[in-house]
Amino acid sequence: MTTPPPECPAHAHASGGAGVRRLYDPEAEADPMGVYDKLRAEHGAVAPVLLHDDLPAWLVLGYRENLEVLRTPSRFSSDSRRWSVFQRGELKPEHPLGPTISWQPLVVFADGEDQKRLRGAVSRGMGRFNRHGIRRHVTRVSNQLIDEFAAAGSADLVPQFAEQLPLLVMTNLLGLPEEEGPRLAEACRDLMKGTETSGASYVHILESLTRLVAEKHNDSGHDLASWLIDDAAGFSDDEVIQHLRLVLVAANETTANLIAGMVKLVLTDPRFRGNLSGGHMTLPDGLEQVLWDEPPLWVMPARYATGPMELGGQRIEEGDMLLLGLAAGNTDPAIRPDLATPMHGNRSHLAFGGGPHECPGQDIGRAIAETGIDVLLARLPDLRLTTEPDDLARIPAWTSHHLAELPVEFTPRRPREGEDTGVSARPVPREVIPQPLPQAEPQPSVATVPQVAAAPMPPVRPRRRSWWSALTSWLRR
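What counts, and where the lines are drawn
Throughout this document, residue positions are counted from 1 along each chain, in the order its sequence is written. Per-residue local features of the predicted model are confined to residues with pLDDT of at least 70, and side-chain atom pairs are confined, for both listing and counting, to 80 or more; whole-chain, interface and lining totals are unaffected and use all residues. Note: side-chain values were computed over all heavy atoms of the structure, leaving out hydrogens and water. Convention adopted: a line fitted to C-alpha atoms gives each axis, helices being fitted over their contacting stretch, and angles between N-to-C directions are expressed from 0 to 180 degrees. The way it works is that DSSP assigns letters per residue, a run of H or I at least four long becomes a helix, a run of E at least two long becomes a strand, and they are numbered from the N terminus. Should an angle fall under 35 degrees it is taken as roughly parallel, and over 145 as roughly antiparallel, whereas 65 to 115 is taken as roughly perpendicular and any remaining angle as oblique. Here a crossing is called left-handed whenever its near helix is offset anticlockwise from the far helix by less than a right angle, and right-handed whenever the offset is clockwise. Contact criterion: two residues are considered in contact whenever any of their non-hydrogen atoms come within 4.5 Å of each other. When the centres of two rings from Phe, Tyr and Trp lie within 6.5 Å, Trp using its six-membered ring, the rings pair. Their planes under 30 degrees apart give stacked, over 60 give edge-to-face, and anything left gives tilted. Whether a charge sits over a ring depends on NZ of Lys or CZ of Arg being within 6 Å of the ring centre and within 35 degrees of the ring normal. Any two strands are treated as partners once DSSP identifies two or more bridges connecting them. Relative accessibility decides the category of a residue: with a 1.4 Å probe and only protein chains considered, values under 20% of the type maximum give buried, values over 50% give exposed, and everything between is partly exposed. When a carboxyl oxygen of Asp or Glu is within 4 Å of a side-chain nitrogen of Lys or Arg, the pair counts as a salt bridge. Per-residue confidence from the predictor is given as pLDDT, running between 0 and 100. Basically, the charged four are Asp, Glu, Lys and Arg, the nonpolar ten are Ala, Val, Leu, Ile, Met, Phe, Trp, Tyr, Cys and Pro, and anything else, Gly included, counts as polar. Put simply, a nonpolar core is a bunch of buried Ala, Val, Leu, Ile, Met, Phe, Trp, Tyr and Cys residues held in one set by side-chain atoms that sit within 4.5 Å of each other.

**Topic: the packing of helix H10 (residues 165-174) against helix H14 (residues 237-268)**
In step 1: Look at H10 against H14: their axes get within 8 Å of each other, and the N-to-C directions meet at 150°. Regarding the angle of H10 to H14, the classification is roughly antiparallel. Read as a crossing pair, H10 and H14 show a hand that is right-handed. Contacts between H10 and H14 involve Leu 165, Pro 166, Leu 167, Met 170, Thr 171 and Leu 174 on the former and, on the latter, Leu 244, Val 247, Leu 248, Ala 251, Asn 252, Thr 255, Ala 256 and Ile 259.

Next comes the structure, spelled out in structure tokens:
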């Protein structure tokens, strides 16, 4: 076990003292919100915590404090080489955090001009997709997935729908041939589950992306791979491949969890479902509620203090690690004194981060989730959960608390087979018109964060070990 330095509050725990909690113990993984509440009561907006091998870190619990960390990279760097544990050589090679937080030439680890270069290319590529083209493709893929279980009258919507839809859509947007989508989606799911064949699945993904980049040099198209290759940022082939991999994994995991969380809320909250079906609330409004109450990532690593400072009443030293408590920040009593107050349509949550590293693909994720759920509820309007909500299996981890299952039953229905439903039976063309997506609303300053229900947005028309643990085993290969 690594002993924290004497000046670190985590030293009290390592020395047998009390008051510093392990984020990786059974209590924290089983009831993270309960632990966040205890930490907030004990320490305030920023709390000392311990990671695996009792490595010290700070968990940022306050909404305002999270925004301060996210928006001031000059004080809170994304470059993990600044972490004092790395600098002292105290991170064991086999440590589970190593593959994830060890510095890599990716935008998520970059600061300053390098971050602007990498982020600019990814954002420009994401912004060229046409929203209507994406929704049309999502509608077709959603119908294909539902057709596979519609006649059975039952399904598990996590593995059969939520986990598959984002991957099948994203493989197309990245530029992979449509026929490769199902196999690549299967490889990604196998990889994230950490099975015995996950190594072979990783090789398949990397080979697919490497082959894709090589082909796009000679046959550029309307896809993210081509746009990254041609971008003025001057990406190397390896940078293109690694950022495609990052987009594929991140987009799938966050969007799959958003879909599962939203469908669970529809199936377990009669008032929520009534507002949705009665037209009192739109799907986009409902998704924002889920992003407030159960974001795809509950804790996001990490930022590193560039110098000594005070944050949330705590003394932070240069090189300290700060973990972004997105779920805790979203439930901060300072901005949400009554958690029962609806947040429909309010986009000022922390689910997609903020500042220079705010998720560039959030509008695409929203489009996939909104359209997929819309098709699902339209096709199977009598969906009902076959187990008690509290009995649903989850995948506990210190970074997340995701649903592992969503068993449902419904009236069996025949596959659509191309009848007039507003969905073309022909494949959607691979090309999408390169028009920019509408920009996401900027997060308001803390002073403007409402503590009451936000006005609804205008309606739009129409396992296994944790995924994080599995991801760390291959991300650095």
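**Concerning the packing of aromatic side chains**
In step 1: Evaluated as defined, the whole model comprises 5 aromatic pairs.
In step 2: The ring of Trp 103 has Arg 81 lying over it, and the distance from NZ or CZ to the ring centre is 4.1 Å.

**Let's talk about the sheet that holds strand S10 (residues 384-385)**
In step 1: Here we have 3 strands laid out as an open sheet, ordered S5-S13-S10, and antiparallel in their pairing. Because the sheet does not close on itself, it has two edges, and the strands there are strand S5 (154-156) and S10.
In step 2: Pairing geometry for S10 and strand S13 (residues 407-409), over 2 bridges, is antiparallel. Residue Arg 384 lies in a different strand from S13, and its bridge partner there is Glu 409.

**Section: the pairing of strand S9 (residues 321-325)**
In step 1: Counting buried residues along S9, 5 of its 5 residues qualify, which places the element largely inside the surrounding structure.
In step 2: Of the two faces of S9, the one carrying Met 321, Leu 323 and Gly 325 and the one carrying Leu 322 and Leu 324 are both buried.
In step 3: Across 3 bridges, the pairing between strand S3 (residues 55-60) and S9 is parallel. Bridging from a neighbouring strand, Leu 59 pairs with Leu 323 of S9.

**Considering the pattern of salt bridges**
In step 1: Enumeration over the complete set of coordinates arrives at 26 salt bridges.
In step 2: Asp 147 serves as the salt-bridge partner of Arg 379, at 2.7 Å between the closest nitrogen and oxygen. With Arg 379 in helix H18 (residues 362-379) and Asp 147 in helix H8 (residues 131-147), the pair connects residues that are 232 residues apart, well separated along the chain.
In step 3: Assessed through its relative accessible area of 6%, Arg 379 is described here as buried.
In step 4: A relative accessible area of 23% means that Asp 147 is categorised as partly exposed.
In step 5: Residues joined in a network through salt bridges with shared partners are Arg 21, Glu 27, Lys 38 and Glu 42.

**Structural notes on the confidence of the model for the chain**
In step 1: Scored by pLDDT, the chain has a mean of 82; 82% of the residues are at 70 or more.
In step 2: Segment residues 419-477 is flagged for pLDDT under 50; beyond a separation of four residues in sequence, or across chains, it makes 147 contacts in the model.

**Description of the packing of H14 against helix H16 (residues 283-293)**
In step 1: In the contact formed by H14 and H16, the axes pass within 10 Å of each other and the chain directions differ by 105°. The angle between H14 and H16 places the two elements in the roughly perpendicular class. Within the contact between the two elements, H14 uses Leu 258, Gly 261, Met 262 and Leu 265 and H16 uses Leu 283, Gly 286, Leu 287, Val 290 and Leu 291.
In step 2: Broken down by class, the residue content of the contact of H14 with H16 amounts to 7 nonpolar, 2 polar and no charged.

**Overview of the sheet that holds S9**
In step 1: In spatial order, the strands read S1-S2-S3-S9-S6-S4; together these 6 strands make up an open sheet with mixed pairing. Edge positions in the sheet fall to strand S1 (21-22) and strand S4 (76-77), since each has one partner strand and no second.
In step 2: Pairing of S4 with strand S6 (residues 299-305) involves 2 bridges; the strand directions are antiparallel. Residue pairing in the sheet places Ser 77 in a bridge with Tyr 304 of S6.
In step 3: Here helix H3 (residues 32-43) sits on the sheet in contact with S1, strand S2 (46-51), S3 and S6, set at roughly 125° to S2.
In step 4: In this fold helix H4 (residues 63-71) packs onto S2, S3, S4, S6 and S9, with an angle of close to 125° to the strand it touches most, S9.

**Topic: the nonpolar core**
In step 1: Grouped together as the largest cluster of nonpolar side chains are 80 residues, with contacts concentrated most on Leu 157, Leu 165, Met 170, Leu 244 and Leu 383.
In step 2: Looking at which element gives the most residues to this core, the answer is H14, with 13 residues.
In step 3: Beyond its immediate stretch of four places on either side in the chain, Leu 383 contacts Leu 157, Leu 267, Arg 273, Leu 376, Leu 377, Val 408, Glu 409 and Phe 410.
In step 4: Ranked by size, the runner-up nonpolar core spans 27 residues in total, among them Leu 91, Leu 97, Met 321 and Ala 327.

**Describing the side chain of Arg 40**
In step 1: The residue Arg 40 is located in helix H3 in this model.
In step 2: Residues in contact with Arg 40, not counting those within four places in the same chain, are Leu 61, Gly 62, Ala 328, Thr 331, Asp 332 and Pro 333.

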